[in-house]
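Notes for the structure review
For reference, the chains in residue letters:
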Amino acid sequence: SQTIHQWPATLVQPVGSPLSLECTVEGTSNPNLYWYRQAAGRGLQLLFYSVGIGQISSEVPQNLSASRPQDRQFILSSKKLLLSDSGFYLCAWNPITDTQYFGPGTRLTVL
Amino acid sequence: RKEVEQDPGPFNVPEGATVAFNCTYSNSASQSFFWYRQDCRKEPKLLMSVYSSGNEDGRFTAQLNRASQYISLLIRDSKLSDSATYLCVVTRRDSNYQLIWGAGTKLIIKP
């Protein structure tokens with residue numbers, strides 16, 4: 001069966017520091033991968049999606065970037081965090097169907 | 001106007017009662033429809049897909065009304081464990097099957 005991992009689970013970072021969040025999927029190949037952010041009490045905002053290695057589409061211009069160095073690895077990065085980057089970051093994948101399945105998420109607090 | 005809209009709630013419902021909530025979508029090209037459940041500080045999890053003919057899964061019934069562009073979720077004999085936020089999701093063919101998320105309806109089941 002397929003599983004999706006994210007780490008770290010929780011992160012507290014100062015403003016201006018860099019960020020790297022990692023997501024990996026097991027048990028499938030060539031998945032579509034997604035990064036979402038959910039601010040407190042808000043809905044999910046799609047940040048990036050990827051249909052293959054090195055293929056990244058950005059939905060919202062911001063100081064975040066994403067990379068897909070391997071088929072089942074998706075990384076979210078920032079060079080300098082802002083206060084507004086705080087939130088719950090979720091990685092998701094979907095198989096052939098359009099249903100998406102989520103990892104456990106990373107809760108980021110920028111101070 | 002948001003593409004997918006939900007009443008944020010909260011809906012406060014006594015245990016054992018029946019509760020229903022709707023979700024409206026604005027894009028007539030919407031293709032697939034889902035309900036996800038999100039517990040506090042957790043990732044969303046697929047509750048059920050919504051088919052044109054309507055579908056039922058135990059105490060949960062989902063229906064789609066394409067003419068009026070809304071989907072509904074009915075929960076019968078509600079349990080305390082049903083307390084969560086319910087997210088409405090649609091996909092549309094012209095967006096590479098990306099999911100468009102509602103902000104969610106919060107449901108609180110009271111003993």
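The following paragraphs examine the structure supplied in this document. (Residues numbered from 1 in each chain as written. Chains lettered and ligands numbered in written order. Predicted model: local features only at pLDDT ≥ 70, side-chain atom pairs only at ≥ 80, totals over all residues. Heavy atoms only, no water.)

Let's talk about the overall build of chain A
Within chain A one finds zero helices and eleven strands. Taken from the N to the C terminus, the helices and strands of chain A come in the order β-β-β-β-β-β-β-β-β-β-β. Dimensions of chain A, computed from the C-alpha atoms along their principal axes, are close to 40 × 25 × 20 Å. When the 111 residues of chain A are sorted by exposure, 48% land in the buried category. In chain A, the proportion of contacts linking residues at least 24 apart, taken out of those at least 6 apart, comes to 53%. Just so you have it, chain A exposes about 5200 Å², and 54% of that area is on carbon and sulfur atoms. (Helix = DSSP H or I, 4+ residues; strand = E, 2+ residues; numbered from the N terminus. Buried < 20%, exposed > 50% of the residue type's maximum accessible area, 1.4 Å probe, protein only. Contact = heavy atoms within 4.5 Å. Areas by Shrake-Rupley, 256 points an atom, 1.4 Å probe, with all protein chains shown as cover.)

Quick notes on the sheet that holds strand E8 (residues 73–78) of chain A
Residues and elements named next belong to chain A. Reading across from one edge, E1-E3-E8-E7 is the order of the four strands in this open sheet, with antiparallel pairing throughout. Two strands in the sheet have a free side with no partner beyond their single neighbour: strand E1 (3–7) and strand E7 (64–70). On average, each strand axis in the sheet is tilted by 20° relative to the strand beside it, whichever way the strands run. Of the pairings in the sheet, the one linking E7 to E8 comprises five bridges and is antiparallel in character. Among the inter-strand pairings, Ser-67 is bridged to a residue of E8, identified as Ile-75. (Pairing = 2+ DSSP bridges. Axes fitted to C-alpha atoms, helices over the stretch in contact; angles between N-to-C directions.)

Quick look at the sheet that holds strand E1 (residues 4–6) of chain B
All names here are of chain B. Read across the open sheet, the five strands follow the order E1-E3-E8-E7-E6; overall the sheet is antiparallel. Looking at the sheet topology across the chains shown, the edges are occupied by E1 and strand E6 (55–57). This sheet shows a mean twist of 20° between the axes of neighbouring strands, independent of strand direction. Strand direction decides the pairing type here: E6 and strand E7 (residues 60–65), joined by three bridges, are antiparallel. Directly across from Glu-56, in E7, lies its bridge partner Thr-61.

Points about the pattern of salt bridges
Residue and element names in this part refer to chain B. On inspection of all chains with the given rule, the structure shows six salt bridges over all chains. Among the salt bridges present, the one from Arg-59 reaches Asp-82, with a minimum N-O distance of 2.8 Å. Residue Arg-59 is located in the loop between E6 and E7, and its partner Asp-82 is located in the loop between strand E8 (70–75) and strand E9 (84–92); the two are separated by 23 residues in the primary sequence. Ionic pairing is found between Lys-79 and Asp-77, a salt bridge with its closest N-O pair at 2.9 Å. (Salt bridge = Lys/Arg side-chain N within 4 Å of Asp/Glu carboxyl O.)

As for the interface of chain A and chain B
Listed per partner, the contact involves 18 residues of chain A and 18 residues of chain B. Along the contact surface separating chain A from chain B lie zero salt bridges. Summed over the shared surface of chain A and chain B, the result is four residue pairs in polar contact (both at pLDDT 80 or more). Secondary structure elements with two or more residues in the side of chain A that touches chain B: strand E4 (32–38), strand E5 (44–52), strand E9 (87–94) and strand E10 (101–102) of chain A. Per-class residue counts for the side of chain A that touches chain B are ten nonpolar, five polar and three charged. (Polar contact = N/O pair within 3.5 Å; in protein donor to acceptor, adjacent residues only side chain to side chain. Nonpolar A, V, L, I, M, F, W, Y, C, P; charged D, E, K, R; others polar.)

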